[in-house]
Amino acid sequence: MVTTSCGMCYGTCTVNVRVEDGVVVGIEGVPDSPQGYGNICAKGLSSLMMLYDPSRLNYPLLRTNPEKGIGVDPGWKRISWNEAMDLLTSKLGECLKKDPRGLYTVGSPTFPAERAFNVLCFRKAFGTPNYYTGGGGLHCGNGAHMIGGIYHASWSVIPDFKYCNMAIYWGCSKGHGAGHAANVAAKQAADAKARGMRLIVFDPFLSTQASTAEEWVPIKAGTDAAAALAMANLLLSEYSAYDKEYIKWKTNGPYLVAPDGLYRRDKKSGVPLVWNIIDKKVEPFNSENVKDCALEGEFDVDGTKCTPSFQLLRNHLKKYTPEHASEICGVSASTLRRIAKDFGEEARIGSTISIDGKTLPYRPVASIYFRGSQGHYNQAWDCMSLVLLNHLVGSADVPGGALAFGPPVHLGYPGTGRLKYSVEPDKDGLLVAKNWPYAHLPYPPPEPKDPPERLDLQDMFYIPTYTTIMAWDNNEELWQKFKIPYRPDVMISFATNQIMSVGNPKTLMKNFLQKFGFIASFNIYSTEFEESAADLVLPDACYLERYSSATTFPTVGVSCHGTGLGEWIWAIRQPVIKPMYERRPMIDVILELSERLGLRDRYIEAAREWVNRAYGGDLDFKKVLDPKEKLNFERMLDIIMKDRFGPDKGLDYFKEHGYLKWDKRVEEVYWRAFNDVRVPVYLEWIIRAGRKSRAIAEKYGVPDLVDWSAHNALPEWRPCPTHTEKNPEYDLEAFYWRSALHTYSMTMQNPWLNEVSQNDPYTYTIQLNTETANRKGVKEGDLVWLENSKGSKAKGRVHITDGIRPDHVAIAANAGHWSKGMPIAKDKGVFFNELIEIDKEHTCPVSLGQDICVKVKLYKDGGDRSG
Amino acid sequence: MVRWGMVIDLKRCTGCHSCSVACKVEHHTPPGVFWAKVVRIESGKYPTVIRQAVPLLCMHCREPECEKVCPTGATKKQPDGRVTVDSDECVGCRYCAVACPYGARCFAPDWKDYFTGDKKPSSPYAEYSKKKWLEESDKGVVSKCDFCEERVEQGKQPACVNACPCEARTFGDLDDPESEVSQLIKKRRGMQLHPEYGTDASVYYLPAR
């Protein structure tokens, strides 16, 4: 029996894996572990089938067909690892000499810790700024993570299941079998529902969470912000249900804003000013004299009329009447009123609760969003609008409210006091995350690069996780105008299927992947990506065959802990058997490559920087490693663990026990009450940061790179391109959803998961409303085409249901494979991405995330057009 | 005497299929054979529509229809309430599969590999799995859930109960009025599926709403 962390999704449950005579024969949860409580989902249980899949890559493969493209046979030829390493070293060596920035690094978000050492540290050591999350691709949460970071110092938010009484879910599934801390959240959500927590789900279709909720509110895709802003308006203007104390002391609501939209600042200290109500004068927000401050009114500051930002928000929201929102989102004004009123009342503003002897605000309501609400043109402001509801009633990171994933505060492992990190305010008093998986923090905005250095121009903006600008039709023109001197040269990819998961595969291939001279991919299958684009394929070890430093830290990122009080856990991933055949863990190859390329010291430095940012502390590998010592991952893990947990808790300890756990503290879980940090109800800094990015775009002759008017301080609802589609022929809004049976595209090749997906009415079908189906003469199981206005098409079988809006069709993501290397996944389900575009019109101008809803017409296969 | 039974809380269940797959890991059932499965039932008209996931398994009836029609006596009612199939006595006539009102019985003419569909195992695990399946259930016979006899004998929970992420399943003694299952059935008004058939099932469902 070996204890390790499941790697079938980023829930990373602790599992015991049974090995008999060298064969892995069983897998179970570990009841003692807070990561899963001993429970395990269908995906985790199906690990065995992934390990022993005869379609797994077992040897390095070299492309013999010089032609690349979707549907082209690569003509794989088996080569030795020696040949593969020589080829890799020479290609990377040439790139290093020519311009290291020509290297594009890509990684899957499913394995954040592996990705850090395999990709992020290597990228830094190599000296290229180019990276994107090709595995998660369009599922990745630019808007969601940006807003999670700014408001919660975390990747996302989740209800405090133990105390929450009313949760509103906007296109998210938290606690329903998928995603972050999946199994822990599933149990917690079930406990909460059994306790009586009301769950209200806004979603265009009757998702799993909607079907188990108290109320399903069928909303049009991409219109969440309109509904939420109307609810915010009602809370402020009609129901007077907002937490004045929270807004005064935990937000920038009292900061005075001048008519130019920017803060009025103290001349001496430079910090924003507030109106001291008691002394009737302006003072720095952080002055000890300020015992009470104004949220409303107009105040004269040296002859300029200034307004508290809360007042600006309030005025701004007035146009979002429920009636107006109803026309946009398709939810009745009375429903919006009822839910907003309940939310305000249930928030019990002013009430407190005592936990472990600490008295804390008690706000048992939570407005929760994730992937669904952020897959739109307006995603940054959509997510801001949804999270704003919590910050109006003060239900952020207090008992019962919306809690940060993570949480982002850890006061240290009790045995050593290390692994310590917290949040802190910047000089404007706003929340800064200190434990973050990426180098650029969500706030404060980094200085934009002039000119941008990255091929996706990410570094001339202030926030994005990554962008797909490098695959726009006009990318070459943009690179020329911005004077980017290099071009795509070599790509190294870790566990991604970019063809299936980034966006329109033809666009990505033509505009981006075809431009590379050499692409090496580490993966477990030869997916559509390898077949279409890779020159060299390296057989990676799967999660059961390799090590990972920690699957639950950094806590605010992709991996996270269960919400609320309970236990912290540092869990490793370790091989339960040796990698079979010639599979090699990518990290071993990367360390060897670093040595071969003379990047050893730079790799160690990059690892030091990442480890200390993600895990806290001041570890320096250089001080521990002998300069002549060959890099070895197990040795590095041993150093990290001993540094964090003490000399008796190195890798050997973790190999034996799998994990180490200790109690969470009230000050960590409900950190907001204990830290003097504020969040913006008025995003003043976006005006400033947006101007800087815009100035760069103008300087290089691309003034309309994005719609700069969205770089504003107050939340707006803006339509997606589909909302303004004029042609009535395209009468159905198509959107994708993520089935809890699958993690991106990887699990589609698993025969057990395939079989249960086939038994499930939804995973492999196009969901169509009964009335719409009748109108179009479509019957259950009919083969139909969905076609967008540009002629892109996707084919699939219809499942007729009353659980979807009549004007929408739903498709489960990442199905419809065609590669020979994934025979189980081949021809199962519908490939949604064919229908979407990678271009400016479908890119959020603020977060640079992709808009992925699309208007389609539906007609039966065989040319029988009835749509 | 103990009478084993199970309670499934539909309020907690999300229909994630963990039970379906946990059973595969435990019992090595070949393709097409599901001792545990999940169906979804939809009722109502948009937008007032209700969808419910209902996990299914052998109901281990006190009055099992399958036992009555079995011509060889392979299907047996055990003193502990479980209904079992003795694969040595089963001739694969499948009368039981037709008689079972819950569709709980499966028939596999032969073992097949999950990846290749062949009789030859494609991996060491498939080989192990095949051996276990032939030992436990055999080909050409009817098989079904046995409430994980091998686990329960060791004092463990059945595999589906153990795995369930939502902790929707509770296993225990229906004859003990103080057991968790008996208490849940009493307090939450547990229901048997199709009580009108008079099967007196040992699997109870707690209402979602």
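Residues numbered from 1 in each chain as written. Chains lettered and ligands numbered in written order. Predicted model: local features only at pLDDT ≥ 70, side-chain atom pairs only at ≥ 80, totals over all residues.

### Focus on the overall build of chain A
Right, so step 1: Broken down by element type, chain A carries 27 helices and 33 strands.
Right, so step 2: Projected onto its principal axes, the C-alpha positions of chain A cover 80 × 70 × 60 Å.
Right, so step 3: Here chain A holds 867 residues, and 65% of them are scored as buried.
Right, so step 4: Sequence-distant contacts in chain A: of pairs separated by 6 or more residues, those separated by 24 or more amount to 72%. (Helix = DSSP H or I, 4+ residues; strand = E, 2+ residues; numbered from the N terminus. Buried ≥ 20, exposed ≤ 12 C-beta atoms within 10 Å, placed from the backbone. Contact = placed C-beta atoms within 7 Å.)

### A few points about the overall build of chain B
Right, so step 1: Along its length, chain B carries 7 helices and 10 strands.
Right, so step 2: Its C-alpha radius of gyration of 17 Å places chain B within 12% of the 17 Å reference for a compact globule of 209 residues.
Right, so step 3: The principal-axis extent of the C-alpha atoms belonging to chain B is close to 50 × 40 × 35 Å.
Right, so step 4: By residue count, 47% of the 209 residues in chain B fall in the buried class.
Right, so step 5: Taking contacts inside chain B between residues at least 6 apart in sequence as the whole, the part at least 24 apart equals 61%. (Rg over C-alpha atoms; globule rule 2.2 N^0.38 Å.)

### Observations regarding the sheet that holds strand S33 (residues 854-860) of chain A
All names here are of chain A.
Right, so step 1: Strands sit in the order S28-S32-S29-S31-S30-S33 around a closed barrel of 6 strands; the barrel is mixed. Between one strand axis and the next, the sheet turns by 45° as a mean value, whatever way the strands run.
Right, so step 2: Of the strand pairs in this sheet, strand S28 (residues 732-737) and S33 are connected by 3 bridges, and their pairing is antiparallel. Bridging from a neighbouring strand, glutamate 733 pairs with lysine 855 of S33. (Pairing = 2+ DSSP bridges. Axes fitted to C-alpha atoms, helices over the stretch in contact; angles between N-to-C directions.)

### Brief notes about the environment of tyrosine 421 of chain A
Residue and element names in this part refer to chain A.
Right, so step 1: Tracing the backbone through its elements, the reader meets tyrosine 421 in the loop between strand S20 (402-404) and strand S21 (424-425).
Right, so step 2: With 26 C-beta atoms counted inside 10 Å, the residue tyrosine 421 sits in the buried group.
Right, so step 3: Tyrosine 421 has contacts with His410, Lys434, Asn435 and Gly616, leaving out every residue within four places of it along the chain.

### A short note on the domain arrangement of chain A
All names here are of chain A.
Right, so step 1: As far as domains go, chain A holds domain 1 (61-139 + 444-553 + 575-657), domain 2 (142-407 + 677-690) and domain 3 (721-860).
Right, so step 2: Measuring from the centre of the C-alpha atoms in domain 1 to the corresponding centre in domain 3 gives 30 Å.
Right, so step 3: With 27 residues of domain 1 at the interface, the matching set in domain 3 holds 24 residues.
Right, so step 4: Among the elements of the structure, helix H16 (498-501), helix H17 (505-511) and helix H18 (528-533) are those that each provide at least two residues to the side of domain 1 that touches domain 3.
Right, so step 5: Of the residues that constitute the side of domain 1 that touches domain 3, the class distribution is 10 nonpolar, 13 polar and 4 charged. (Domains from an automatic or database assignment. Nonpolar A, V, L, I, M, F, W, Y, C, P; charged D, E, K, R; others polar.)

### Quick notes on the nonpolar core
Right, so step 1: Counting residues in each nonpolar core, the largest one holds 361 residues, and the members touching the most others are Ala227, Met231 and Ile368 of chain A.
Right, so step 2: For this core, the leading source of residues is helix H8 (residues 224-238) of chain A, giving 11 residues. (Core = buried A, V, L, I, M, F, W, Y, C linked by C-beta atoms within 7 Å.)

### Things to note about the packing of H8 of chain A against helix H11 (residues 322-329) of chain A
Residue and element names in this part refer to chain A.
Right, so step 1: At a minimum axis separation of 8 Å, H8 and H11 run at an interaxial angle of 170°. Taken together, the axes of H8 and H11 are roughly antiparallel relative to one another. Here H8 contributes Ala226, Ala227, Leu229, Ala230 and Leu234 to the contact with H11, which in turn contributes Pro322, Ala325, Ile328 and Cys329.
Right, so step 2: Considered class by class, the residues forming the contact of H8 with H11 number 9 nonpolar, no polar and no charged. (Parallel < 35°, antiparallel > 145°, perpendicular 65-115°, else oblique.)

### Some remarks on the environment of tyrosine 362 of chain A
Residues and elements named next belong to chain A.
Right, so step 1: Relative to the elements of secondary structure, tyrosine 362 occurs in the loop between strand S18 (358-361) and strand S19 (365-369).
Right, so step 2: Along the backbone, tyrosine 362 and phenylalanine 405 are 43 residues apart, and their C-alpha atoms lie at a distance of 19 Å.
Right, so step 3: Once you skip the residues sitting within four places of it in the chain, tyrosine 362 turns out to touch Arg348, Ser351, Thr352, Ile353, Pro399 and Gly400.

### Observations concerning the sheet that holds strand S4 (residues 61-63) of chain A
All names here are of chain A.
Right, so step 1: Overall, mixed pairing links the 7 strands, which are arranged S5-S4-S25-S24-S23-S6-S7 in an open sheet. Each edge of the sheet is formed by a strand with only one pairing partner; in this case those strands are strand S5 (76-78) and strand S7 (131-132).
Right, so step 2: With 5 bridges joining them, strand S23 (residues 490-494) and strand S24 (residues 518-523) adopt parallel strand pairing. When the bridges of S24 are listed, phenylalanine 494 appears paired with phenylalanine 522.

### Comments concerning helix H25 (residues 684-699) of chain A
All names here are of chain A.
Right, so step 1: Here H25 is 16 residues long and its end C-alpha atoms lie 23 Å apart, about the 22 Å a rise of 1.5 Å per residue gives.
Right, so step 2: Where H25 is buried, its residues touch strand S12 (256-257) and helix H10 (309-317).
Right, so step 3: Downstream of H25 by one or two residues, glycine 701 has phi in the positive range, about 75°. (Expected span 1.5 Å × (residues − 1).)

### Topic: the pairing of strand S6 (residues 103-107) of chain A
Residue and element names in this part refer to chain A.
Right, so step 1: With respect to burial, S6 is a largely interior element, 5 of its 5 residues being buried.
Right, so step 2: Residues Leu103, Thr105 and Gly107 of S6 are buried on one face, and the alternating residues Tyr104 and Val106, pointing to the opposite face, are buried as well.
Right, so step 3: Across 5 bridges, S6 lies against S23 in parallel orientation. Within S23, the position partnered with glycine 107 by the bridge is phenylalanine 494.
Right, so step 4: Note: S6 against S7, 2 bridges, orientation parallel.

### A closer look at the environment of asparagine 289 of chain A
Residue and element names in this part refer to chain A.
Right, so step 1: By the secondary structure assignment, asparagine 289 is in the loop between strand S14 (281-284) and strand S15 (299-301).
Right, so step 2: Under the C-beta neighbour-count criterion, asparagine 289 is labelled exposed, with 10 such atoms within 10 Å.
Right, so step 3: Between the alpha carbons of asparagine 289 and asparagine 276 there is a distance of 8.0 Å; along the sequence they are 13 residues apart.
Right, so step 4: Among residues more than four places away in sequence, those in contact with asparagine 289 are Asn276, Asp279 and Glu283.

### Observations regarding unusual backbone geometry
Right, so step 1: Of note, the amide linkage connecting aspartate 450 of chain A to proline 451 of chain A takes the cis form, showing an omega dihedral of -10°.
Right, so step 2: Within the secondary structure layout, proline 451 of chain A lies in the loop between strand S22 (431-432) and helix H15 (475-481).
Right, so step 3: Between tyrosine 46 of chain B and proline 47 of chain B the backbone carries a cis peptide bond, its omega angle lying at 0°.
Right, so step 4: Tracing the chain through its elements places proline 47 of chain B in the loop between strand S2 (37-45) and strand S3 (48-56).

### Some points on the interface of chain A and chain B
Right, so step 1: Contacts between chain A and chain B engage 47 residues on the former and 37 residues on the latter.
Right, so step 2: Of all the secondary-structure elements, those providing two or more residues to the side of chain A that touches chain B are strand S3 (23-29), helix H1 (42-45), helix H2 (47-51), helix H6 (182-195), helix H7 (208-211), helix H26 (751-759) and helix H27 (770-776) of chain A.
Right, so step 3: Tallying contributions element by element places S3 of chain A first for the side of chain A that touches chain B, with 7 residues.
Right, so step 4: When grouped by side-chain class, the residues that make up the side of chain A that touches chain B number 25 nonpolar, 15 polar and 7 charged.

### Some words on the confidence of the model for chain B
For any part of a model where pLDDT is low, the fine detail of the predicted coordinates should not be relied upon.
Right, so step 1: On average, residues of chain B carry a pLDDT of 97, and 100% of them reach 70 or more.
Right, so step 2: The complex prediction reports pTM at 0.97, with the ipTM value standing at 0.98. (pLDDT = per-residue confidence, 0-100.)

### Points about the pairing of strand S1 (residues 4-9) of chain B
Residue and element names in this part refer to chain B.
Right, so step 1: Across the 6 residues that make up S1, a large majority, 6, are buried.
Right, so step 2: Here S1 shows no split at all, with Trp4, Met6 and Ile8 on one side and Gly5, Val7 and Asp9 on the other all buried.
Right, so step 3: Where S1 and strand S8 (residues 169-173) come together, 5 bridges link them in antiparallel fashion. In the strand pairing of S8, tryptophan 4 is matched with aspartate 173.
Right, so step 4: Here S1 pairs with strand S10 (residues 203-206) via 4 bridges, running parallel.

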